[in-house]
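# Structural overview
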Number of protein chains: 2
Amino acid sequence: MDEIIYKPIGIIHTPHTNLEKIPIQPVFAKGITGEVDVYEEFSKGIRDLHGFSHIYLFYFFHKAHEVNLLVKPFMEDVNRGVFATRAPTRPNKIGMSIVKLNAVKDSRLFIENVDMLDGTPLLDIKPYTAKFDSVNVLQSGWQDDISDDVAHTRGKREYEK
Amino acid sequence: MDEIIYKPIGIIHTPHTNLEKIPIQPVFAKGITGEVDVYEEFSKGIRDLHGFSHIYLFYFFHKAHEVNLLVKPFMEDVNRGVFATRAPTRPNKIGMSIVKLNAVKDSRLFIENVDMLDGTPLLDIKPYTAKFDSVNVLQSGWQDDISDDVAHTRGKREYEK
């Protein structure tokens, strides 16, 4: 089928400049703050966003070039299907993070719990809502076997050092 | 900045063939089943997915051609910034649904709570996990003022008729 073409609507600024030291998920990046600059031509679209305490950011893994359909998750040493993980080695390099939205000023969003690389191109923003997104999960697959301690230690990676 | 090019990794089959009658979110599409066919070349990537009760599907809103930065959500009659809604009139037409995963057979996923159009091109799959995605939301913005009844009636749209 045809190619699908997207263009960045903004850029994400974070303290993470080293790919090897980024926390792997927002839950392992508690308290780390960043900013999103939405490009002027799209800034009308962020109206009403300030009322949400959490938002989804969708972005392009711009530094991930490999595709591996099988990948070792950061949290364990077993190969898993890439779609059963959040690893960036997926065919379409779409990243997603749920971040806390602290404030909106003009076309800048002040966010917390950031786990993406500085300079990441932003593709979309959606509100995280209690009605749609808090799912009562029955099974979390291979992750159910990972203790919170191990998840935390390996999920944060080098960030605290 | 440069264009970002994605290609479908599969296709989503659902009973929804009329754009005007699709439930607006999985929570309003309870019990409606569909299938995802992951293209053969990517099927190795769905290994281990069967262990998750819920997954995120990311897809291209292939029938949405308009961009409106301000849009009336289905649930109310007030214009909202498009990034504070899930409306398809966003600049980058990335759709996301959290669906129940009932079974995996070969490269076909059997899913439930489907709210996307039949024939929708699939871009990515990620596991929904208790550890990463069940966020304790403080505020859901304008949605906090919509009663569950109104949300349900308007969210289902014409589906039951």
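Up top you'll find the structure we're talking about.
Presented here is an overview of the structure given in this document. (Residues numbered from 1 in each chain as written. Chains lettered and ligands numbered in written order. Predicted model: local features only at pLDDT ≥ 70, side-chain atom pairs only at ≥ 80, totals over all residues.)

A word on the sheet that holds strand β4 (residues 54-60) of chain B. Residues and elements named next belong to chain B. Spatially, six strands are ordered β2-β3-β8-β7-β4-β9 in a closed barrel, and the strand pairing comes out antiparallel. Sheet twist, expressed as the average angle between the axes of neighbouring strands with direction ignored, equals 45°. For strand β2 (residues 10-13) and strand β9 (residues 120-127), the ladder comprises three bridges, and the chain directions are antiparallel. Within β9, the residue paired with Ile12 across the bridge is Thr120. (Pairing = 2+ DSSP bridges. Helix = DSSP H or I, 4+ residues; strand = E, 2+ residues; numbered from the N terminus. Axes fitted to C-alpha atoms, helices over the stretch in contact; angles between N-to-C directions.)

All names here are of chain A. Around the barrel, six strands lie side by side as β2-β3-β8-β7-β4-β9; this closed barrel has antiparallel pairing. Sheet twist, expressed as the average angle between the axes of neighbouring strands with direction ignored, equals 45°. In this sheet, strand β8 (residues 108-112) lies alongside strand β3 (residues 33-38) in antiparallel orientation, the contact comprising five bridges. Directly across from Gly34, in β8, lies its bridge partner Ile111.

So, about the pairing of β9 of chain B. Successive side chains on a regular strand alternate, one facing one side of the sheet and the next facing the other. All names here are of chain B. In terms of burial, β9 is a largely internal element, seven of the eight residues being buried. The pairing of β4 with β9 spans five bridges and is antiparallel. By the bridge assignment, Phe58 is partnered in β9 with Asp124. (Buried ≥ 20, exposed ≤ 12 C-beta atoms within 10 Å, placed from the backbone.)

Accessible area lost upon the coming together of the parts is a frequently used measure of interface size. Between chain A and chain B, the residue contacts involve 59 residues of the former and 59 residues of the latter. Taken together, the elements giving at least two residues each to the side of chain A that touches chain B come down to β1 (4-6), β4 (54-60), β6 (80-81), β7 (94-105), β9 (120-127) and α1 (130-133) of chain A. The sheet contact formed by β1 of chain A and strand β1 (residues 4-6) of chain B spans three bridges and is antiparallel. Residue pairing across strands places Tyr6 of chain A opposite Ile4 of chain B, the latter belonging to β1 of chain B. (Contact = placed C-beta atoms within 7 Å.)

Membership of the largest hydrophobic core comes to 84 residues, with the highest contact counts inside it found for Leu49, Ile55 and Leu57 of chain A together with Leu49, Ile55 and Leu57 of chain B. If we ignore the near neighbours within four places in the chain, the residues touching Leu49 of chain A are Ile55, Leu101, Val104, Ile125 and Pro127 of chain A together with Gly81, Phe83 and Ala84 of chain B. (Core = buried A, V, L, I, M, F, W, Y, C linked by C-beta atoms within 7 Å.)

At an RMSD of 0.0 Å, chain A and chain B line up after a rotation of 180° and a shift of 0.0 Å along the axis. In symmetry terms, the pair is related by a two-fold rotation axis. Among all residues of chain A, the minimum C-alpha distance to the rotation axis is found for Ile5 of chain A, at 2.4 Å. By residue overlap, the copies meet face to face through one surface: 100% of the interface positions of chain A are interface positions in chain B. (Least-squares fit on C-alpha atoms with pLDDT ≥ 70 in both.)

From the geometry alone we can't say anything about function, so treat these as descriptive.
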